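Understanding the architecture of this molecule
So the chains spell out like this:
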Amino acid sequence: MSDATIEALLAEGRTFPPPEHFKKQALIVGSEIYEEADRDAEGFWARQAADLLDWSEDWHTILEWDLPFAKWFVGGKLNVAHNCLDRHVAAGRGDRVAYLWEGEPGDTRTITYAELLDEVCRAANALVSLGVRKGDRVNIYMGMVPELPVAMLACARIGAAHSVVFGGFSSDALRDRINDAEAKLLITADGAWRRGQVVPLKQSADEAMAQSPSIEHCLVLRRTGQDVPMERGRDVWWHDVVPQQPTEAPAEPMDSEQLLYLLYTSGTTAKPKGIMHTTGGYLTQVAFTHKYVFDLHPETDVYWCAADVGWVTGHSYIVYGPLANGATSVMYEGTPDFPDKDRFWSIVEKYKVSILYTAPTAIRTFMKWGPDYPRKHDLSSLRLLGTVGEPINPEAWVWYWEHIGGERCPVVDTWWQTETGAIMISPLPGATTLKPGSATFPLPGIGADIVDDVGNSVPIPGGGNLVLTRPWPSMLRGIWGDPERYRDTYWGRFDGKYFAGDGAKRDDEGYFWLLGRIDDVMNISGHRISTTEVESALVDHSAVAEAAVVGRADATTGQAIGAFVILRAGFEPDDGLAGELRDHVSKVIGPIARPKTILFTEELPKTRSGKIMRRLLRNVAEDEVLGDTTTLADPSVVDGIKARYLAQQPAEE
Ligand code: WTA
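Bear in mind the structure is a predicted one, so any value in this text is a computation, not a measurement.

About the cut-offs
The residue numbering used here restarts from 1 in each chain and proceeds along that chain's sequence as written. Local features in this predicted model are restricted to residues of pLDDT 70 or higher, and side-chain atom pairs are both shown and tallied only at a pLDDT of 80 or more, whereas totals for entire chains, interfaces and linings draw on every residue. To obtain the side-chain values, all non-hydrogen atoms of the structure were used and water was disregarded. Secondary structure elements are taken from DSSP: a helix is a run of H or I of four residues or more, a strand is a run of E of two residues or more, and numbering for both begins at the N terminus. Atoms counted for the radius of gyration: C-alpha only. Globule rule: 2.2 Å times residue count to the power 0.38. Each residue's exposure class comes from its accessible area (1.4 Å probe, protein chains only) as a fraction of the maximum for that residue type: buried when under 20%, exposed when over 50%, partly exposed otherwise. What makes a residue near a molecule or strand is one non-hydrogen atom of that residue sitting within 4 Å of it. For this analysis, a polar contact is any N or O atom pair within 3.5 Å, provided that within protein one partner can donate a hydrogen and the other can accept it, and provided that sequence-adjacent residues contribute only side-chain to side-chain pairs. Side-chain classes follow a simple rule in which Ala, Val, Leu, Ile, Met, Phe, Trp, Tyr, Cys and Pro form the nonpolar group, Asp, Glu, Lys and Arg form the charged group, and the remainder, Gly included, forms the polar group. When a carboxyl oxygen of Asp or Glu lies within 4 Å of a side-chain nitrogen of Lys or Arg, that pair is called a salt bridge. Whether two strands pair comes down to DSSP finding at least two bridges between them. For our purposes a nonpolar core is just a set of buried Ala, Val, Leu, Ile, Met, Phe, Trp, Tyr and Cys residues, chained together by side-chain atoms within 4.5 Å. A domain assignment, automatic or from a database, supplies the domain bounds used here. The contact rule is simple, with two residues in contact once any of their heavy atoms fall within 4.5 Å. Once two parts are put together, the accessible area they lose, assessed with a 1.4 Å probe and summed over both, is termed the buried area. Here a Phe, Tyr or Trp ring, Trp counted by its six-membered ring, pairs with any other such ring whose centre lies within 6.5 Å, and the pair is stacked when the planes are under 30 degrees apart, edge-to-face when over 60, and tilted otherwise. Convention adopted: a line fitted to C-alpha atoms gives each axis, helices being fitted over their contacting stretch, and angles between N-to-C directions are expressed from 0 to 180 degrees.

So, on to the overall build of the chain. Scanning the chain from N- to C-terminus turns up 21 helices and 30 strands. On C-alpha atoms alone, the chain measures out to a radius of gyration of 24 Å, which is about the 26 Å that the 2.2 N^0.38 rule sets for 653 residues. The principal-axis extents of the C-alpha atoms in the chain amount to approximately 70 × 65 × 55 Å. When the 653 residues of the chain are sorted by exposure, 61% land in the buried category.

It is worth spelling out the site of the ligand at this point. What surrounds the ligand is a group of 17 residues, the closest being Asp413, Thr418, Asp502, Arg517 and Arg528. Pro391 has a polar backbone atom sitting 3.3 Å from a nitrogen atom of the ligand. When residues of the shell around the ligand are traced back to their parent elements, those giving at least two are helix 12 (312-324), strand 20 (411-414) and strand 24 (512-517). Split into classes, the residues belonging to the shell around the ligand amount to six nonpolar, six polar and five charged.

Once that is clear, we can look at the pattern of salt bridges. All told, the structure shown has 35 salt bridges when counted by the stated rule. Residue Asp206 pairs with Arg234 through a salt bridge whose shortest N-O separation is 3.0 Å. Linking Asp206 in helix 9 (residues 201-209) with Arg234 in the loop between strand 11 (217-221) and strand 12 (235-237), this pair joins segments that are 28 residues apart in sequence. Here the residues in one salt-bridge network are Lys202, Asp206, Glu231, Arg234 and Asp235, joined through shared partners.

The next subject is helix 20 (residues 614-621). Most of helix 20 is tucked away, with six of its eight residues classed as buried. Here helix 20 has its buried residues at Arg614, Leu616, Leu617, Asn619, Val620 and Ala621. Note on helix 20: the residue one or two positions beyond its end, Asp623, has a positive phi of about 55°.

Counting buried positions over the six residues of strand 4 (residues 97-102) gives six, a clear majority of the element. Pairing between strand 4 and strand 5 (residues 108-112): five bridges, direction antiparallel. Counted as the bridge partner of Tyr99 is Ile111 from strand 5. Hairpin connection between strand 4 and strand 5: a loop of five residues separates the two successive antiparallel strands, and Gly106 in this loop has a positive phi of roughly 110°. Relative to strand 17 (residues 329-332), strand 4 is paired through four bridges, and the arrangement is parallel.

Next up on the list: the nonpolar core. Counting 161 residues, the largest nonpolar core has Ile187, Phe294, Tyr320, Leu466, Val534 and Val565 as the members making the most contacts within it. Mapping this core onto the domain boundaries places at least three of its residues in each of domain 1 (3-503) and domain 2 (525-652). Sequence-distant contacts of Ile187, that is, excluding residues within four places in its chain, are made with Leu127, Val138, Asn139, Ile140, Tyr141, Met142, Ala151, Leu219 and Trp238. One finds Leu100, Tyr351, Trp399 and Ile404 within the second-largest nonpolar core, a separate group that totals 33 residues.

Taken domain by domain, the chain consists of domain 1 (3-503) and domain 2 (525-652). Look at where the C-alpha atoms of domain 1 and domain 2 centre, and you get two points 33 Å apart. Taken residue by residue, the interface counts 24 residues in domain 1 and 20 residues in domain 2. Across the domain 1/domain 2 interface, buried area totals approximately 1,600 Å², and carbon plus sulfur atoms make up 45% of it.

With that settled, the discussion passes to the packing of aromatic side chains. Under the counting rule described, the total for this entry stands at 36 aromatic pairs. Seen in terms of ring centroids, Phe294 and Tyr357 are 4.7 Å apart; in terms of plane orientation they differ by 65°. Their pairing is edge-to-face. Residue Phe294 is found in the loop between helix 11 (280-293) and strand 16 (303-305), and its partner Tyr357 is found in strand 18 (residues 355-358); the two are separated by 63 residues along the sequence. Given a relative accessible area of 0%, Phe294 falls into the buried group. The class of Tyr357 is buried, set by a relative accessible area of 0%. With centroids separated by 5.2 Å and ring planes inclined at 80°, the aromatic side chains of Trp472 and Tyr498 adopt a geometry described as edge-to-face. Of the two residues, Trp472 is situated in the loop between strand 22 (462-468) and helix 17 (483-491) and Tyr498 in strand 23 (residues 498-506); the sequence distance between them amounts to 26 residues. For the pair shown, Trp472 and Tyr498 are each scored as buried. Taken together, the ring pairs in this structure connect Trp65, Phe69, Trp472, Tyr486, Tyr490, Trp491 and Tyr498 into an aromatic cluster.

This part covers helix 8 (residues 171-181). The element helix 8 is largely enclosed, with a buried count of eight among its eleven residues. Looking only at helix 8, the buried set comprises Ser171, Asp172, Ala173, Leu174, Arg175, Arg177, Ile178 and Ala181. Considering only its buried residues, helix 8 is in contact with strand 6 (137-141), strand 8 (185-189), helix 9, strand 14 (259-265) and helix 19 (575-588). Looking at the residues trailing helix 8, positive phi occurs at Glu182, about 50°.

If a residue is not glycine, its phi is most likely negative; likewise, a peptide bond is most likely trans. The omega angle of the peptide bond from Leu67 to Pro68 is 5°, so this bond is cis rather than trans. By the element assignment, Pro68 lies in the loop between strand 1 (61-66) and strand 2 (69-74). The omega angle of the peptide bond from Phe338 to Pro339 is -5°, so this bond is cis rather than trans. Topologically, Pro339 is positioned in the loop between strand 17 and helix 13 (343-351). For Glu182, which is not a glycine, the phi torsion comes out positive at approximately 50°. The topology assignment puts Glu182 in the loop between helix 8 and strand 8. Glu182 gets classed as exposed once you look at its relative accessible area, which sits at 52%. Phi is positive for Arg195, close to 50°, though the residue is something other than glycine. Take Arg195: it is sitting in the loop between strand 9 (192-194) and strand 10 (197-199).

A separate point is the sheet that holds strand 21 (residues 448-451). Spatially, 21-22-23-24 is the arrangement adopted by the four strands of the open sheet, whose pairing is antiparallel. Bordering the open sheet on either side are strand 21 and strand 24, each of which pairs with just one other strand. Neighbour-to-neighbour, the strand axes of this sheet turn through a mean angle of 45°, independent of strand direction. With four bridges joining them, strand 21 and strand 22 adopt antiparallel strand pairing. Considered in strand 22, the bridge of Ala448 is made with Leu468.

Below is the structure:
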């Protein structure tokens, strides 16, 4: 299909009902499940919890709701590792493959449920031997290797909470997260592979640990093989302490509300928030959504979520959801363009992937590379496609449907957040008629609405702020160490409703269309980065007096970081300094936060109360007509910046 045909198809408003061949085998085809959940949402979730999971003790209360604090399945006990591993092995499915792992250099590992269980038990015993106990926090900083899920499940087995830090984050970011959680143990690797180069994880871990007094030990996996210093008494090799452990380790029954993990995400201030997820409700909703949104047939499907475990998508849909459901998953260590731009499609062909879940940024990148790369491979095993992380533009949706899905696979656009723990707004592929670019409807048991700025529901059709209207099982239980910030950020804006931070609209048929963040959070390639975090990294550099950062529209990454920088006296703006500032941000936060453009300026547009008007800077960065400038203390400032912007053509990478 040519671009012109895609345009025409979109212009005529084509919708995509579930294909007949898909409906024939789909787990859900009608609307009864929505009606059932509407009648009694709590009862609905309780049935899912009982159906999908093994409990060692029943709950006495489904939900205790003391707004904004929720407890689900109160009194119930279960172990997450048991639910992800032991019960499948006990049911005779130990030989089923849990992970088809593909290393970036091309090495592979096939790991069955029985093997994964053994490895998790050994790792659990190793954690205990290193002094980790129920209730402790363990930091994990690794690449996409099988030992990463093993480490997470080992924590879950003994009741320690993990805090995984994405391997692309800097040592400073790791240090801050370790210190906030007061973790006892850090699990890392010598390095990770990325486009044939070594990312020196242990080196960053050493820098972080030098300023992290709570760390007692560091468990180090050998992956990339270069020499790394090992500190006596603190650092131990994985291969020295894990393999010789016994493969018996009790899966302690955990309280349903026991902390399973912390995962840090950017907020509107420079300090990231430690989002808390607990055990019973979380596992219920990730198992439910993974099964029904992906229409999972665990005996025959090969499922691949191409995210990184360091983000919530990986936690819920590479580790906990698929394993709880006994799925066979592909796990891939590297990037889509190494050694060539068809790596994803060679993986789909090689493992006969049937369900693929990826991000709009990746899809737009594949579009840019052109359809010849997927065309070189047999993708006929695919039967369902999914996307997550940012709004998907209809053109990218249709391209994905056509060139990857061969016009036969439904595309599920799934809206959710680190805070929601699991998918919230999404089609059910055998039941929902799709519209390219729309995440369609809230899932059964989920309450969502769109409200205006004073909290009134906006009638259909119409747009405003996306809110969630009732508690859900996998919701965050709070922000680690900061219950007030939890209340203010999510529940303070609209009375009794959860404010997601996203704008959305509903069309005349009630379909939800997500419009992106409406706070000072950017979404770069599906990664949340706060403007203030990047600003504070910039002003941390000795040359910078003041900085303002905006996310500007970018055809590939969704948004790109644009920085406006005022230099201190004595510093001259030039490309060299722009490069130095980019490197600095990369070092402080991580390469994902590297600004794409830097404009040196002498002033920034501010309101009379001194607040930087990022909206106007965004107009400048996107070369748009300037918005309302009447609230500015000095309206001429932005014209000056705009003129400079056009004259200077800011340094871009
Ligand atoms: C955005 C990722 C539109 C949204 C799971 C949200 C989306 C933020 C979608 C959460 C989607 C995620 N359509 N926008 N399907 N999915 N978002 O915490 O702005 O990394 O608030 O969780 O990503 O990002 P997070």
